[in-house]
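Okay, here's what each chain looks like letter by letter:
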Amino acid sequence: MNIALQTPPVSAKENPSSVGPEEGTPPNEFTKDVIAGLTAPQKTLPCKYLYDEAGSRIFEQICELEDYYLTRTEAEIFSSHLPDIAKELGTGVTLIEPGAGNCEKAEPLLAIMESPEAYIPIDISPEILLGARARFEASQPELLVRPVIGDFTQMDRWGDEEPGNRQVVFFPGSTIGNFTHQQAQNLLQHFAAQMAPGDGLLLGVDLVKDSVVLERAYHDDRHVTEAFNKNLLRRINRELGADFDLDAFSHRAFYHPLRQRVEMHLVSLKDQQVRVADLSIPFLEGESIHTENSHKYTLESLASLLNKAGFQQKHYWTDTNNHYVICYAEIF
Ligand SMILES: C[S@@+](CC[C@H](N)C(=O)[O-])C[C@H]1O[C@@H](n2cnc3c(N)ncnc32)[C@H](O)[C@@H]1O
């Protein structure tokens with residue numbers, strides 16, 4: 001295997017996005033985003049910050065929960081249709097995966113694709129990408145793997161070299177659901193700007209369904225999603241020297257039928273002040289921090305999103321309950 005790490009992982013000391021503010025140094029992006037979010041009328045935090053090393057590990061546990069049907073259902077669709085999906089993607093393709101996480105979904109796909117040219121997993125969490133490296137080394141030594149560490153919403157290019165072959169963007173896990181409809185359209189257009197006509201997009205998307213099923217997936221009995229949500233406060237405490245009392249906040253997840261999304265919040269259990277990067281942030285009892293959206297689509301709203309972003313849907317595969325869809329689209 002040939003692996004090039006486009007942005008090398010660096011220690012917390014070297015990495016400005018993973019350390020707290022020091023006197024006299026300009027605030028880093030994490031600090032700026034946290035302060036902007038916590039001083040807004042509806043307090044909010046960008047969901048990408050849920051995935052530090054601990055958050056990524058807790059997310060893997062969420063994926064194994066019985067209540068979290070998304071991962072299981074997506075895996076069922078993949079295992080039933082993998083040869084068809086691989087055929088649809090074509091030969092000699094470079095597979096690019098924004099928000100690749102542990103790269104577990106790309107592995108069987110790349111193994112069955114015809115002569116894939118390269119695999120470019122992108123993630124903001126370096127630890128998880130590096131963990132995936134050893135697995136690829138063992139399982140597909142001939143494959144060119146070029147992990148890129150960074151924020152895929154901000155990236156104008158996926159790699160150093162000009163792509164000479166067909167590209168397919170692989171975006172599973174319903175990560176697109178974390179964006180509002182407008183943001184999702186902008187993101188897909190941003191991807192499209194780095195692609196050429198005929199290039200593809202393989203997208204996994206969670207579908208609108210019974211609210212009880214949806215809410216259970218984000219508020220499980222074993223409190224794993226709660227731990228995932230609260231880990232964000234622990235991260236802010238550690239990296240920004242804040243003093244959030246995790247027991248003074250509760251996890252809340254509910255389906256908003258008009259917006260067709262599950263919202264995840266952290267609700268203050270009392271009136272309190274929290275110190276964050278030299279600011280004192282007031283919380284009223286019952287006031288929440290909005291930490292994540294997970295938008296759900298219908299087949300129609302998905303086709304419309306793809307069209308608005310310049311993609312034409314070629315094929316889609318669903319499970320027997322129509323809970324989830326994997327679709328393949330190409331740039332027209
Ligand atoms: C929900 S997980 C999905 C992982 C994998 N694609 C899957 O389907 O299982 C989201 C992953 O995307 C990464 N991520 C989230 N926002 C990101 C961003 N803006 N740029 C890069 N990576 C991001 C997180 O670190 C995490 O590993």
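Preceding block: the structure.
Fair warning: this is a prediction, and the values are worked out from it, not measured in the lab.

A. Here's a closer look at the nonpolar core. Counting residues in each nonpolar core, the largest one holds 67 residues, and the members touching the most others are Leu95, Tyr119, Leu202, Ile236, Phe244 and Val276. Of the residues forming this core, the biggest block, eight residues, is contributed by helix H3 (residues 69-89). If we ignore the near neighbours within four places in the chain, the residues touching Leu95 are Leu89, Ala106, Leu109, Leu110, Met113, Ala118, Tyr119, Ile120, Val168 and Phe170. Ranked by size, the runner-up nonpolar core spans 31 residues in total, among them Phe171, Met195, Leu201 and Val325.

B. Main features of the site of the ligand. Close contacts around the ligand come from 17 residues, with Gly99, Lys105, Asp123, Asp151 and Phe152 the closest. Between Lys105 and the ligand, the recorded distance is 2.7 Å, taken from a side-chain N or O atom to an oxygen atom. Interatomic distance of 2.5 Å between a side-chain N/O atom of Asp123 and an oxygen atom of the ligand. Looking at side-chain class alone, the shell around the ligand contains six nonpolar, six polar and five charged residues.

C. The arrangement of helix H8 (residues 224-240) in detail. With 17 residues, H8 ought to run about 24 Å at 1.5 Å a step, and its terminal C-alpha atoms sit 24 Å apart, in line with that. At Lys230, H8 shows its largest bend, some 25 degrees. With 13 of 17 residues buried, H8 is to be regarded as a mostly interior element.

D. Focus on the pairing of strand E8 (residues 200-206). The element E8 is extensively covered by neighbouring structure, given that seven of its seven residues are classed as buried. Burial along E8 is two-sided: Gly200, Leu202, Gly204 and Asp206 facing one way and Leu201, Leu203 and Val205 facing the other are all buried. Note that strand E7 (residues 167-171) and E8 share four bridges and pair parallel. Along E8, the bridge assignment pairs Val169 with Leu201. With respect to chirality, the unit in which E7 leads through helix H6 (residues 181-192) into the neighbouring parallel E8 is right-handed. Two strands pair when backbone bridges link them, and E8 and strand E15 (residues 324-331) are joined in this way by seven bridges, in the antiparallel orientation. Of the residues in E15, the one forming a bridge with Leu203 is Cys327.

E. Focus on the pairing of strand E12 (residues 279-283). By the bridge criterion, five bridges tie strand E11 (residues 272-276) to E12 in an arrangement that is antiparallel. Counted as the bridge partner of Gln272 is Phe283 from E12. Counting the residues in the hairpin turn of E11 and E12 gives two residues, including Ala277, whose phi is positive at 45 degrees.

F. Layout of the packing of aromatic side chains. Following the criterion strictly, the structure yields 15 aromatic pairs and no others. Relative to Phe136, the ring of Tyr119 lies with its centre 5.2 Å away and its plane at 40 degrees, an arrangement referred to as tilted. With a gap of 17 residues between them, Tyr119 in strand E4 (residues 118-123) and Phe136 in helix H5 (residues 126-139) connect regions that are remote in the sequence. Given a relative accessible area of 0%, Tyr119 falls into the buried group. Ring geometry for Phe171 and Phe191: centres 5.4 Å apart, planes at 90 degrees, overall edge-to-face. A residue pair is termed long-range when its members are at least 10 positions apart, and Phe171 in strand E7 and Phe191 in helix H6 qualify at 20 residues. When its relative accessible area of 0% is taken as the criterion, Phe171 is described as buried. Relative accessible area serves as the criterion here: at 0%, Phe191 is assigned to the buried category. Ring pairs connect the aromatic residues Tyr51, Phe59, Tyr68, Tyr218 and Phe228, which therefore count as one cluster.

G. How the structure looks around unusual backbone geometry. Positive phi, normally seen in glycine, also occurs at Gln260, with a value near 50 degrees. The topology assignment puts Gln260 in the loop between strand E9 (249-256) and strand E10 (261-268). You will see that Ala277, though not glycine, has its phi angle at about 45 degrees, which is positive. Summarising the element assignment, Ala277 is placed in the loop between E11 and E12.

Cut-offs applied
Residues numbered from 1 in each chain as written. Predicted model: local features only at pLDDT ≥ 70, side-chain atom pairs only at ≥ 80, totals over all residues. Heavy atoms only, no water. Core = buried A, V, L, I, M, F, W, Y, C linked by side-chain atoms within 4.5 Å. Buried < 20%, exposed > 50% of the residue type's maximum accessible area, 1.4 Å probe, protein only. Helix = DSSP H or I, 4+ residues; strand = E, 2+ residues; numbered from the N terminus. Contact = heavy atoms within 4.5 Å. Near = heavy atom within 4 Å. Polar contact = N/O pair within 3.5 Å; in protein donor to acceptor, adjacent residues only side chain to side chain. Nonpolar A, V, L, I, M, F, W, Y, C, P; charged D, E, K, R; others polar. Expected span 1.5 Å × (residues − 1). Bend = angle between axes of the 7 residues up to and from the residue. Pairing = 2+ DSSP bridges. Right-handed = clockwise from strand over helix to strand, strands pointing away. Phe/Tyr/Trp six-rings, centres within 6.5 Å; stacked < 30°, edge-to-face > 60°.

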